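Report on the structure
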Amino acid sequence: MYNHATALRSVLNPAYLEWALQAHYDIGTWQECRFWLRGLNDTYRVRTSTGTYILRIYRTEVAEADVRYELSVLTALKEGLSSSEHTEVGGFIPTKDQTGYTMLDAAEGKRAAVIFHYIDGTENNLEDEDSSYAFGRSAAELHQAMDGIKLEQERELASASVTELESLHARFKLDTKFLIDEPLERILRYIGEGCEEATFLQTFANVLKEKIFTISSTGLDYGLCHGDMHGNNNVFEQQERFIHYDFEWAAPGWRAYDLAQVKIRKRQSGDAEKKQQLWDALMKGYRSVRSFTDADEQAVDLFIIARRFWVMGLDVAFIDSDMGALDYGEDWLNDFIEEFRDTGIV
């Protein structure tokens, strides 16, 4: 029973953040800390006597080990892409103790804070074949660099005893459990298993899983993925170079899933024929760097569906703590049901 005030998700006061963080960083005198964007996490713009930075305050559901994993990926990619002319990743500012992050007290519990370099550049909506080719090339270079990463956490897991494994925080995988099973559980808990659409969603999820199992058994390209490569808010372009950032969802998975998010990017206009031309150009750019088989490309459309199912589950995850239920009622549910029925897989 709750007998005192509690919070599910707070917005931290910029003045508190300046007080709590400035001693942890050598970035000069703080001049501004402004709440910039509310998304899955909270973003602040920080200006100091040495420049402009981006501060991310992670939600409490993001464990400390997950933040360490993300920063380890960025560190490894910085080294792996150091000689690339076309691809870069956004970097973070090290703390004085070299951890790269700080754990802060919030009304709802501990929240991690990381300060990133501010990235100058423009968002490219991939509206022409040259841009699509260039992004495909960059995505392939990112995957190629990821192929060479051996993270500290993976080394710890490989050498750990059974007892130690129980205490280590294992990174999730972008598998059918993550993309389908866990979202389905959240969705059914929200709409109720007695809802008339629950049976369809269960059947749809099972068929989708079976199709992914069938196509993945042929040997799809698998490895560390960005995890959220939709491009709407996680890549900027500087001349011919793409700078990728926002690696919160980076984890092992199928590369077809990573590219599926690019194929359905929201801000790309044009009819189906035009979008196919742009996709073909992107694939040409990707294959100029590394292999992507016909089977991998065929799997992309299947992972587009899986991504949409995951998004539905993500909506549900934030209803209670962030968005409220008003806009996630019958119309929201029916829109997804109609979208899933239109896929024709059930």
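For the structure, see preceding data.
Here's a quick rundown of the structure.

Focus: the environment of L314
Following the sequence through the fold, L314 ends up in helix α10 (residues 294-323). Looking at L314, the relative accessible area reads 17%, which means it is buried. Along the backbone, L314 and E273 are 41 residues apart, and their C-alpha atoms lie at a distance of 30 Å. Not counting residues within four places of it along the chain, the set of residues in contact with L314 comprises L40, R186 and W249.

Quick word on the environment of L188
Position of L188 among the secondary structure elements: in helix α6 (residues 176-191). The class of L188 is buried, set by a relative accessible area of 7%. Considered as a pair, L188 and A198 are 10 residues apart in the sequence and their alpha carbons are 6.5 Å apart.

With respect to the side chain of R59
Its location among the elements puts R59 in the loop between β3 (51-57) and α2 (64-80). In this structure the side chain of R59 is engaged in a polar contact, spanning 2.7 Å, whose partner is the side chain of E248. Setting aside chain neighbours within four positions, we find R59 in contact with L40, N41, R111, E248, W249 and F318.

Examining empty space enclosed by the protein
Under the counting rule described, the total for this entry stands at 1 cavity of 30 Å³ or more. If you add up the space inside the largest cavity, you get close to 40 Å³. Lining the largest cavity we find L8, R9, R59, T60, E61, E108, F318 and S321. Considered class by class, the residues forming the lining of the largest cavity number 2 nonpolar, 2 polar and 4 charged.

Considering the packing of aromatic side chains
Counted according to the given criterion, the structure contains 21 aromatic pairs. Taken together, a centroid distance of 6.0 Å and an interplanar angle of 80 degrees make the contact between Y190 and W332 edge-to-face. Here W332 lies in helix α11 (residues 330-342) and Y190 lies in helix α6, a separation of 142 residues in the sequence. Judged by relative accessible area, which is 30%, Y190 ranks as partly exposed. Residue classification places W332 among the buried positions, given a relative accessible area of 9%. An angle of 20 degrees between the planes, with centres 4.7 Å apart, marks the rings of F204 and F340 as stacked. Highlighted residues: F204 in helix α7 (residues 198-216) and F340 in helix α11, separated in sequence by 136 residues. Judged on exposure class, the residue F204 and its partner F340 are both buried. R341 extends its terminal NZ or CZ atom over the ring of F200, reaching a point 4.1 Å from the ring centre.

Digging into the side chain of D296
As for its placement among the helices and strands, D296 is situated in helix α10. There is no salt bridge for the buried D296, and the closest opposite charge comes from R287, which lies 7.1 Å off by N-O distance. Of the polar contacts made by the side chain of D296, one reaches the backbone nitrogen of D221; its length is 2.8 Å. In this structure, D296 is in contact with L220, D221 and A256, ignoring residues within four places of it in sequence.

Re the sheet that holds strand β8 (residues 235-238)
Spatial strand order, β4-β9-β8: 3 strands in an open sheet with mixed pairing. In the strand order of this sheet, the two ends are held by β4 (87-89) and β8, each with one partner. Each neighbouring strand pair of the sheet contributes to a mean axis angle of 25 degrees, computed without reference to strand direction. Across 4 bridges, the pairing between β8 and strand β9 (residues 241-244) is antiparallel. Considered in β9, the bridge of E237 is made with F242. Helix α3 (residues 129-147) contacts β4, β8 and β9 of the sheet and is inclined by roughly 50 degrees relative to β9.

Observations concerning the packing of α6 against α10
As a packed pair, α6 and α10 sit with axes 8 Å apart at the nearest point and diverge in direction by 40 degrees. For the element pair α6 / α10, the angle class is oblique. In the crossing of α6 with α10, the sense of the turn from one axis to the other is left-handed. Two secondary-structure elements touch here, α6 through F178, L179, I180, P183, L184, R186, I187 and Y190 and α10 through F303, A306, F309, W310, M312, G313, L314, V316, A317 and I319. Taken together, the residues of the contact of α6 with α10 break down into 16 nonpolar, 1 polar and 1 charged.

What counts as what
- Residues numbered from 1 in each chain as written.
- Predicted model: local features only at pLDDT ≥ 70, side-chain atom pairs only at ≥ 80, totals over all residues.
- Heavy atoms only, no water.
- Helix = DSSP H or I, 4+ residues; strand = E, 2+ residues; numbered from the N terminus.
- Buried < 20%, exposed > 50% of the residue type's maximum accessible area, 1.4 Å probe, protein only.
- Contact = heavy atoms within 4.5 Å.
- Polar contact = N/O pair within 3.5 Å; in protein donor to acceptor, adjacent residues only side chain to side chain.
- 1 Å grid on protein atoms, 1.4 Å probe; cavity = no way out; pocket = protein on both sides within 12 Å on 5 of 7 lines; lining within 4 Å.
- Points joined across faces, edges and corners; volume = space filled by probe spheres on them.
- Nonpolar A, V, L, I, M, F, W, Y, C, P; charged D, E, K, R; others polar.
- Phe/Tyr/Trp six-rings, centres within 6.5 Å; stacked < 30°, edge-to-face > 60°.
- Lys NZ or Arg CZ within 6 Å of the ring centre and 35° of its normal.
- Lys, Arg positive; Asp, Glu negative; His and termini not counted.
- Salt bridge = Lys/Arg side-chain N within 4 Å of Asp/Glu carboxyl O.
- Pairing = 2+ DSSP bridges.
- Axes fitted to C-alpha atoms, helices over the stretch in contact; angles between N-to-C directions.
- Parallel < 35°, antiparallel > 145°, perpendicular 65-115°, else oblique.
- Left-handed = near helix turned anticlockwise from the far one by under 90°.

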